[in-house]
Amino acid sequence: NAGVTQTPKFQVLKTGQSMTLQCAQDMNHEYMSWYRQDPGMGLRLIHYSVGAGITDQGEVPNGYNVSRSTTEDFPLRLLSAAPSQTSVYFCASTRDLGWNTEAFFGQGTRLTVV
Amino acid sequence: GQQLNQSPQSMFIQEGEDVSMNCTSSSIFNTWLWYKQEPGEGPVLLIALYKAGELTSNGRLTAQFGITRKDSFLNISASIPSDVGIYFCAGRPRGAGNNRKLIWGLGTSLAVNP
């Protein structure tokens, strides 16, 4: 049981480059989300999706795009990378137990923008 | 965005000691979750709490959902070196409806001296 799989694990980009961070889950969860983690700032929500075809902005969406064409996949796109986007990115998939929720995380992508 | 107040920010303890940390909010929560993050990994769910007053254990870990529904506590008994990591609380506010977004604390960093 793979759970939540993120690729790549590490990435270095030059300012202005674009790239896509991949996230896939095999738990048939409807709700998926992307967070970034920076020192002293905890986990901040970038974008989320409540199901295939439906996405919405989180707390820090600027500079990022998402799409959800299937239940399993939720890629995060950096349109034009900036040094401020240097961070660790986590994808999470949420088990929905009625009004209870439990989020399961991938191992993260460590991105450096130079 | 809204955040939970998590304390202490960091702890440095001797192996064998007990550890306590807590999370508080100004508003009522329906769900409290406790996660552990080890270096280079994503957060892993330790304990989920769904009911005011609920006390749940997972091995040496015990967490409680506060009676006021505005706080939660995590205790670790007889700490060992592998307890090292960052512990995060997260919660789902009352009235969230279909919103599955979690509110996060900034984490408690735990170091254990063997």
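As shown above, the structure is provided for reference.
Residues numbered from 1 in each chain as written. Chains lettered and ligands numbered in written order. Predicted model: local features only at pLDDT ≥ 70, side-chain atom pairs only at ≥ 80, totals over all residues. Heavy atoms only, no water.

**Student:** How should the overall build of chain B be read in this particular structure?
**Tutor:** Looking only at helices and strands, one finds zero helices and 11 strands in chain B. From first element to last, N terminus to C terminus, chain B shows the α and β order β-β-β-β-β-β-β-β-β-β-β. Relative to its length of 114 residues, chain B is compact, with a C-alpha radius of gyration of 14 Å against a globular reference of 13 Å. With the principal axes as the frame, chain B shows a C-alpha extent of 45 × 30 × 20 Å. (Helix = DSSP H or I, 4+ residues; strand = E, 2+ residues; numbered from the N terminus. Rg over C-alpha atoms; globule rule 2.2 N^0.38 Å.)

**Student:** Explain the nonpolar core to me, please; I cannot follow it from the model alone.
**Tutor:** Burial of nonpolar side chains together is a common tendency in soluble globular proteins. Counting residues in hydrophobic clusters, the biggest one holds 22 residues, and the most contacted among them are B:W34, B:L74 and B:L110. Contributing elements (two or more residues each) for this core: β2 (10-14), β3 (19-24), β4 (29-37), β5 (44-49), β7 (61-65), β8 (71-76), β9 (85-93) and β11 (108-113) of chain B. Counting residues in hydrophobic clusters, the runner-up holds 19 residues, among them A:L21, A:M32, A:A81 and A:Y89. (Core = buried A, V, L, I, M, F, W, Y, C linked by side-chain atoms within 4.5 Å. Buried < 20%, exposed > 50% of the residue type's maximum accessible area, 1.4 Å probe, protein only.)

**Student:** What is the right way to read the sheet that holds β8(B) from this model?
**Tutor:** Neighbouring strands of a sheet are bound in pairs by backbone hydrogen bonds; such pairs are parallel or else antiparallel. All names here are of chain B. Taken together, the five strands give an open sheet; going across it, the order is β1-β3-β8-β7-β6, and neighbouring strands pair in antiparallel fashion. The open sheet has two free edges, formed respectively by β1 (5-7) and β6 (55-58), since each of these has just one partner strand. For this sheet, the mean angle separating the axes of adjacent strands, direction not counted, is 15 degrees. As judged from the four bridges shared by β6 and β7, these two strands associate in the antiparallel manner. Within β7, the position partnered with L55 by the bridge is Q64. (Pairing = 2+ DSSP bridges. Axes fitted to C-alpha atoms, helices over the stretch in contact; angles between N-to-C directions.)

**Student:** Mind showing me how you'd approach the packing of aromatic side chains here?
**Tutor:** Here a ring pair, both rings aromatic, is described through the centre-centre distance and the interplanar angle of the planes. Inspection of every chain in the model, using the stated rule, returns 11 aromatic pairs over all chains. Between B:Y35 and B:W104 the ring centres are 5.1 Å apart and the planes differ by 45 degrees, which places this aromatic pair in the tilted class. Here B:Y35 is found in strand β4, whereas its partner B:W104 is found in strand β10 (residues 103-104), with 69 residues between them in sequence. For the pair shown, B:Y35 and B:W104 are each scored as buried. Between B:F88 and B:W104 the ring centres are 6.3 Å apart and the planes differ by 80 degrees, which places this aromatic pair in the edge-to-face class. One end of the pair, B:F88, is in strand β9; the other, B:W104, is in strand β10, and 16 residues separate them in sequence. Taking the relative accessible area as the measure of exposure, B:F88 reaches 2% and is therefore buried. For B:W104, a relative accessible area of 3% translates into the label buried. Through a chain of ring-to-ring contacts, the aromatic side chains of A:Y35, A:F90, A:F105, B:Y35, B:F88 and B:W104 assemble into a single cluster. (Phe/Tyr/Trp six-rings, centres within 6.5 Å; stacked < 30°, edge-to-face > 60°.)

**Student:** I keep staring at the interface of chain B and chain A and nothing clicks. Help me out?
**Tutor:** How big an interface is tends to be stated in terms of accessible area lost as the parts join. Residue-level contacts link 21 residues of chain B with 23 residues of chain A. Linking chain B with chain A are zero salt bridges. Our count for the contact surface shared by chain B and chain A stands at six residue pairs in polar contact (both at pLDDT 80 or more). Only β4, β5 and β9 of chain B provide two or more residues apiece to the side of chain B that touches chain A. The greatest single-element share of the side of chain B that touches chain A, amounting to five residues, is contributed by β4(B). (Contact = heavy atoms within 4.5 Å. Salt bridge = Lys/Arg side-chain N within 4 Å of Asp/Glu carboxyl O. Polar contact = N/O pair within 3.5 Å; in protein donor to acceptor, adjacent residues only side chain to side chain.)

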